[in-house]
Amino acid sequence: MTSSEVLHSDSRHGASQAWTPQLWAILIVLGGALCLDALDVSMIGVALPSIRSALDLSTSSLQWIVSGYVLGYGGLLLLGGRAADLLGRRRVFLVALAVFAVVSLLGGLASDPGLLIAARFVKGVAAAFTAPASMSLLTTTFPEGPMRNRAFSVYTVFGASGFSLGLVLSGLLTEVSWRWTLLVPAPVAAVVLVAGIWFIPRGERTTRGGRKFDVPGALTITAAMLLLVYTVVSAQQAGWGSARTIGSFTAVAVLFAMFVAIERRSRDPLVPFGIFASRALRRANIGAVTLFGSYVSFQFLVTQYLQTLAGWSAIGTALAFLPAGVMVVVLSTRMAGLLGRFGPAPLTAVAFSCLLLAYVVFLRAGLNPDYPAVMLPAILLIGLAFGLGFSSLTVAATAGVPDAEQGLAASLFQTSFQVGGAVVLAIVTAVVDASGAGGLVSPAATLAAYRPALILITAVAAVGALVALSGLRRQQDRAVAPGGELPGRFGDLAERSAVPVAVPVPVPSAPVPRLSADPRLSADSGPSGDPGPSVELADCAAAAGGARMVPGREAVRDGTTA
């Protein structure tokens, strides 16, 4: 028996497994990969004004440095999860990490904007394969229960700390050269890669069992999302009513229709559409789009505001955002208790109320930034919104979904997070361009041109708040109802989800691989009581989501049955 088989065999025996040095080493390696992803995302934001000046980029071109990464990431997350299942988690993790390191180096050396954007896109693709492989390695190494809860808690802190550390590092490195913010992830990825080769055990068995990659579906949906963002960004220059813009939107619609047709005919579809019968899952995905989309757009504008208009340094800008990262780190260690006490719906409502209030407060910003009275309250509210919102949305997106669809639900949520960020940023950028901010030289006129985009960001947050409040109202209605069956294929069990049994992962960078609906991987397929890979992965996804419905047990919260 290989070391990997021994490790996994021991993990299936539950909480009796001890925390060995090898387990700690594996957890540090996987946490390092998540930290790397969060580090890269936070570092690039602060460096954008310097990149814009050095490469003479327009606002619409500059946003592609962010959107290129996010679209490559979000567009191929589902395929990345399937690849980890079919090709082997260790193999996919290490290969994708190597690609991430090489492309980071090339992107940092690129002087052509097109090459830089292309490097960012390929890096996002690499992350789309690294993230689900990393998550599934963690959940198959640590048994469900206290050990996995502790592993998720440590894993989460790595991600939140990476984001906060990236803000500080980006400010320091940008003072030297913006290229260092792109180059630093390369040696970090190389260190994680070497550690992964050394510590992650070999010998993992992978069996396709007749399952296939849905490559046509993945390529079609990725092309549709790329074209959608490009059309929105370029519509201002071409004209919203021009033949080019209308033709592009038509092509987007055709690509989405092709994707639907491919998925309906596929024997092993990337996205079985029946999963969208869950209202809670739909609300969680809308929440993911509005939460991350509004924040990415807000950070994009505020870095321009602070460095271009107010003349702040890169390090000053990074430190301005740091309190939000610290807030997420603190909350990430306490979310399991909060979710167990209050449930996801109330926490989501509070999160979006904080988010909306943060953007309303920032609308008061003037030519001279008032950090104590305007910026700091807004940043702290955003940190509170992210710390509460991502975890509660993750629970809502996965709780009550059948085990065979847990991985798919989690991956859809992460895809909404990433792609929603790119689409909202593209729309906000188009509004900025329409206001003429790029051609204005007066700081007052430029700030006035930013106002419509800031109002749009606030409106996006308001949509998220309304959706969150509708979920809270629905939960209250069910609480006073005498009973009744829940509709839909999956129902709305997440709306009255059980007390979470695992610490959720409040970092928008670590999806869980989707699961196949293939009946050969059903819960009864494992021999001698062994639930088999499907149950194992489903349990992993349930732990990542933070809640799992146990057959024969009613959902309980605050001592009462739902």
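Please refer to the structure placed before this passage.
Calculation rules
- Residues numbered from 1 in each chain as written.
- Predicted model: local features only at pLDDT ≥ 70, side-chain atom pairs only at ≥ 80, totals over all residues.
- Heavy atoms only, no water.
- Helix = DSSP H or I, 4+ residues; strand = E, 2+ residues; numbered from the N terminus.
- Buried < 20%, exposed > 50% of the residue type's maximum accessible area, 1.4 Å probe, protein only.
- Contact = heavy atoms within 4.5 Å.
- Areas by Shrake-Rupley, 256 points an atom, 1.4 Å probe, with all protein chains shown as cover.
- Salt bridge = Lys/Arg side-chain N within 4 Å of Asp/Glu carboxyl O.
- Expected span 1.5 Å × (residues − 1).
- 1 Å grid on protein atoms, 1.4 Å probe; cavity = no way out; pocket = protein on both sides within 12 Å on 5 of 7 lines; lining within 4 Å.
- Points joined across faces, edges and corners; volume = space filled by probe spheres on them.
- Core = buried A, V, L, I, M, F, W, Y, C linked by side-chain atoms within 4.5 Å.
- Phe/Tyr/Trp six-rings, centres within 6.5 Å; stacked < 30°, edge-to-face > 60°.
- Lys NZ or Arg CZ within 6 Å of the ring centre and 35° of its normal.
- Polar contact = N/O pair within 3.5 Å; in protein donor to acceptor, adjacent residues only side chain to side chain.
- Axes fitted to C-alpha atoms, helices over the stretch in contact; angles between N-to-C directions.
- Parallel < 35°, antiparallel > 145°, perpendicular 65-115°, else oblique.
- Left-handed = near helix turned anticlockwise from the far one by under 90°.
- Nonpolar A, V, L, I, M, F, W, Y, C, P; charged D, E, K, R; others polar.
- Patch = residues over 30% accessible without salt bridge, like charges linked within 9 Å, V, L, I, M, F, W, Y side chains within 5 Å.

Topic: the overall build of the chain
Working step 1: Scanning the chain for helices and strands turns up 19 helices and two strands.
Working step 2: Put simply, the chain has 562 residues, and 58% of those count as buried.
Working step 3: For the chain, restricting intrachain contacts to residue pairs at least 6 apart in sequence, the fraction spanning at least 24 positions comes to 84%.
Working step 4: About 20900 Å² of surface is accessible on the chain, with carbon and sulfur atoms providing 67% of the total.

Considering the pattern of salt bridges
Working step 1: Taken as a whole, this structure holds two salt bridges when the rule is applied.
Working step 2: With a shortest N-O distance of 2.9 Å, Arg120 and Asp40 are connected by a salt bridge. With Arg120 in helix α6 (residues 113-141) and Asp40 in helix α2 (residues 21-55), the pair connects residues that are 80 residues apart, well separated along the chain.
Working step 3: Arg120 gets classed as buried once you look at its relative accessible area, which sits at 3%.

Describing the side chain of Gln299
Working step 1: Within the element layout of this structure, Gln299 appears in helix α12 (residues 279-309).
Working step 2: Those residues in contact with Gln299 that lie beyond four places of it in its chain are Gly45, Leu167 and Phe321.

Details of the environment of Leu456
Working step 1: Relative to the helices and strands, Leu456 is located in helix α18 (residues 443-480).
Working step 2: For Leu456, a relative accessible area of 24% gives the class partly exposed.
Working step 3: In the structure, Leu456 is positioned 159 residues away from Ser297 in sequence and 9.8 Å away in space, judged by C-alpha atoms.

Topic: the environment of Ala459
Working step 1: With respect to the helices and strands, the residue Ala459 is situated in helix α18.
Working step 2: Separated by 103 residues in the primary sequence, Ala459 and Leu356 have C-alpha atoms spaced 8.2 Å apart.

So, helix α13 (residues 314-332)
Working step 1: Here α13 spans 27 Å end to end across 19 residues, near enough to the 27 Å set by a 1.5 Å rise per residue.
Working step 2: Residues of α13 that are buried include every one of Ala314, Ile315, Thr317, Ala318, Ala320, Phe321, Ala324, Gly325, Val328, Leu331 and Ser332, and no others.

Focus on the layout of surface pockets
Working step 1: Taken as a whole, the second largest pocket encloses approximately 480 Å³ of empty space.
Working step 2: Forming the boundary of the second largest pocket are 23 residues, of which Ile221, Met225, Leu412, Thr415 and Ser416 lie nearest the centre.
Working step 3: Elements with a minimum of two residues in the lining of the second largest pocket: α3 (59-75), α10 (215-238), α11 (243-265), α12 and α17 (406-434).
Working step 4: Take the lining of the second largest pocket: its biggest share by element is six residues, from α17.

Observations concerning the nonpolar core
Working step 1: Core analysis: the biggest nonpolar cluster contains 129 residues, and Ile51, Phe93, Phe298, Leu301 and Phe362 have the highest contact counts within it.
Working step 2: Residues contacting Phe93, with those up to four places away along its chain left out, are Val29, Leu30, Ala33, Thr130, Ala133, Ser134, Leu137 and Ile200.
Working step 3: Among the nonpolar cores identified, the runner-up in size contains seven residues, and Leu339, Leu347, Ala351 and Leu388 belong to it.

Details of the packing of aromatic side chains
Working step 1: Overall, the coordinates contain nine aromatic pairs when judged by the stated rule.
Working step 2: Geometrically, the ring pair formed by Tyr305 and Phe362 is edge-to-face, given 5.8 Å between the ring centres and 85° between the ring planes. Taken together, the residues span a long stretch of sequence, with Tyr305 in helix α12 and Phe362 in helix α15 (residues 344-362) at a distance of 57 residues. We note that Tyr305, like Phe362, is buried.
Working step 3: Taken together through their ring pairs, the aromatic side chains of Phe292, Tyr295, Phe386 and Phe417 make up a single cluster.
Working step 4: In this structure, Lys123 packs its charged tip against the face of Phe100, placed 5.3 Å from the ring centre.

Some details on the side chain of Thr141
Working step 1: Examined against the element boundaries, Thr141 turns out to sit in helix α6.
Working step 2: Only 2.6 Å separates the side chain of Thr141 from the backbone oxygen of Leu137, close enough to count as a polar contact.

Some remarks on the environment of Ala238
Working step 1: Examined against the element boundaries, Ala238 turns out to sit in helix α10.
Working step 2: Excluding its chain neighbours within four sequence positions, the residues that come into contact with Ala238 are Arg244 and Thr245.

Here we look at the packing of α12 against α15
Each pair of packed helices gets described by two things: the angle between the helix axes and the distance between those axes.
Working step 1: Taken N-terminus to C-terminus, the directions of α12 and α15 make an angle of 25°; their axes are 12 Å apart at the nearest point. Taken together, the axis directions place α12 and α15 in an arrangement best described as roughly parallel. α12 and α15 meet at a crossing whose hand is left-handed. Together, Gly287, Thr290, Leu291, Ser294, Tyr295, Phe298, Val302 and Tyr305 of α12 and Phe352, Leu355, Tyr359 and Phe362 of α15 make up the contact between the two elements.
Working step 2: Looking at the contact of α12 with α15 residue by residue, the classes come out as nine nonpolar, three polar and no charged.

Remarks on a nonpolar patch on the surface
Working step 1: A contiguous nonpolar surface patch, about 210 Å² in accessible area, is contributed by Val95, Val99 and Val122.
Working step 2: Along the polypeptide, Val95 turns up in helix α5 (residues 89-109).

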